[in-house]
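Analysis of the macromolecular model
Okay, here's what each chain looks like letter by letter:
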Amino acid sequence: MISLFLLAVIFSANQGSAVRLAFPHEPGVKSVDILWNHKRVPAFFINDAWSTILGVDLDTKPGEYKTDVSFTMDDGRVERRDAIIKVVEKKYPTTELKVEEKYVELSKTDLARANRESKETEAIYATITNEMFSDEAFTVPIPGGTGTNFGHRRIFNGEPRAPHAGADLRATTGTPVHATNRGRVVLAKNLFFTGNTVILDHGLGIYSLYAHLSRINVKRGETVDNGQVVGLAGATGRVTGPHLHWGMRVQGARVDPFTLVGNLK
Ligand SMILES: [Zn+2]
């Protein structure tokens, strides 16, 4: 019998996208995990294969990245194999703007608050929950909604800002916002930049964020189903008008949320 372990597996992914990896099951395999960005990401047994989702940050340099895939056998042996993630360049738009300093400078208090909150959310994204909350496909939080703006870089007065790490979905205030998949609420409160914000943990290091909500319908610690209404769209936080900012982080990587839709099954 030719072991499937001997096959070199190459997965291709754009900068700023999520990629699904699947490895065929072999008798005796008990668990599988993949080393990616210095983190161990578990794979789960679905449809006769070991499957997981990895995030490729929009600033990951194009090229081939070797990952270490560990197959732990029933008898405790660990078989190590390589998989290659080929990161393909994707161009995102850049806009240069000249604005009066008072519109881009934050007060000391606001800056301190924003920094504190950014530490809090980064700590959430750095955590990989070793379970998968759903075997359903990810869905768009506003059914039928299309997103714009992911990866858009803005340069204010020659100073580059962090690229736009989510998709903006058109929505009027009060439009119901649905969970992209089953998950646990890990944050539900008001933040300086993103206003009323909900973050869901979907397991495997996958997190979704819903920002600028006019109302939050869920509480931290509660589990929500795919499609459940987590809040209503609005214009809270630093925004110019109502819309839904939908972000997805995958093992910390900033990815275009639409690359996850339909990606799990
Ligand atoms: Zn946005």
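Read on for a plain summary of the structure. Every value quoted in this text rests on a predicted model; they were computed, and no experiment measured them. (Residues numbered from 1 in each chain as written. Predicted model: local features only at pLDDT ≥ 70, side-chain atom pairs only at ≥ 80, totals over all residues. Heavy atoms only, no water.)

1. Regarding the sheet that holds strand 19 (residues 229-232)
The strand order across the open sheet formed by 3 strands is 13-19-17, and the pairing between neighbours is antiparallel. One side of each edge strand has no neighbouring strand; the edge strands of this open sheet are strand 13 (176-178) and strand 17 (215-216). Relative to strand 19, strand 13 runs antiparallel, the two being bridged by 3 bridges. Residue pairing for strand 19: His178 is matched across the bridge by Val229. (Pairing = 2+ DSSP bridges. Helix = DSSP H or I, 4+ residues; strand = E, 2+ residues; numbered from the N terminus.)

2. As for the packing of aromatic side chains
The final tally for this structure, using the stated rule, is 8 aromatic pairs. Between Phe23 and Phe71 the ring centres are 6.0 Å apart and the planes differ by 85°, which places this aromatic pair in the edge-to-face class. Here Phe23, found in strand 2 (residues 17-24), pairs with Phe71, found in strand 6 (residues 63-73); they are 48 residues apart in sequence, far enough to count as distant. Like Phe23, the residue Phe71 is buried in the burial classification. Taking 5.5 Å as the distance between ring centres and 80° as the angle between the ring planes, the aromatic pair formed by Tyr92 and Phe150 counts as edge-to-face. Here Tyr92 is found in the loop between strand 7 (78-88) and strand 8 (94-97), whereas its partner Phe150 is found in the loop between strand 9 (147-148) and strand 10 (153-156), with 58 residues between them in sequence. The same class applies to Tyr92 and to Phe150, which are both buried. Through successive ring pairs, a cluster of aromatic residues spans Phe11, Phe23 and Phe71. (Phe/Tyr/Trp six-rings, centres within 6.5 Å; stacked < 30°, edge-to-face > 60°. Buried < 20%, exposed > 50% of the residue type's maximum accessible area, 1.4 Å probe, protein only.)

3. Here's the deal with the coordination of the zinc ion
In the first shell of the zinc ion, the protein supplies His164 (NE2), Asp168 (OD) and His245 (ND1), at 2.1 Å from the metal. Of note, the zinc ion draws all its donor residues from one chain, in the sequence arrangement H-x3-D-x76-H. Judged on exposure class, the residue His164 and its partner Asp168 are both buried. (Donors = N, O, S within 2.8 Å, 3.2 Å for Na, K, Ca; no water.)

4. Section: the pattern of salt bridges
Using the criterion set out here, one finds 15 salt bridges in the structure. Among the salt bridges present, the one from Glu122 reaches Arg249, with a minimum N-O distance of 2.9 Å. A residue pair is termed long-range when its members are at least 10 positions apart, and Glu122 in helix 2 (residues 108-125) and Arg249 in strand 20 (residues 243-250) qualify at 127 residues. For Glu122, a relative accessible area of 36% translates into the label partly exposed. Close ionic contact of Asp225 with Arg182 constitutes a salt bridge, the shortest N to O distance being 3.0 Å. Taken as a pair, Asp225 in the loop between strand 18 (223-224) and strand 19 and Arg182 in the loop between strand 13 and strand 14 (183-191) lie far apart in primary sequence, 43 residues in all. (Salt bridge = Lys/Arg side-chain N within 4 Å of Asp/Glu carboxyl O.)

5. With respect to the sheet that holds strand 11 (residues 159-160)
Spatial strand order, 8-10-11: 3 strands in an open sheet with mixed pairing. In this open sheet, the two strands that pair with only one neighbour each are strand 8 and strand 11. As defined by bridge partners, strand 10 adjoins strand 11 across 2 bridges and the pair is classed as antiparallel. What sits directly across from Phe156, in strand 11, is Glu159.

6. With respect to unusual backbone geometry
Positive phi is not limited to glycine here, since Asn149 has a value of about 85°. By secondary structure assignment, the location of Asn149 is in the loop between strand 9 and strand 10. Look at Asn149 and you get partly exposed, because its relative accessible area is 35%. Its identity is not glycine, yet Asn157 carries a phi of approximately 50°, on the positive side. Mapped onto the elements, Asn157 comes out in the loop between strand 10 and strand 11.

7. Thoughts on helix 2
Over its 18 residues, helix 2 extends 26 Å from the first C-alpha to the last, a length consistent with the 26 Å expected when each residue adds 1.5 Å. Among the residues of helix 2, Ala114, Glu117, Thr121, Ile124 and Tyr125 are the ones counted as buried. Down the axis of helix 2, the buried set is contained in an arc of 90°. They therefore lie on one face. More than 90 degrees from the buried face of helix 2, the exposed residues found are Lys108, Arg116 and Lys119. Where helix 2 is buried, its residues touch strand 14, strand 15 (195-201), strand 16 (206-213) and strand 20. (Expected span 1.5 Å × (residues − 1). Arc of directions from axis to C-beta. Contact = heavy atoms within 4.5 Å.)

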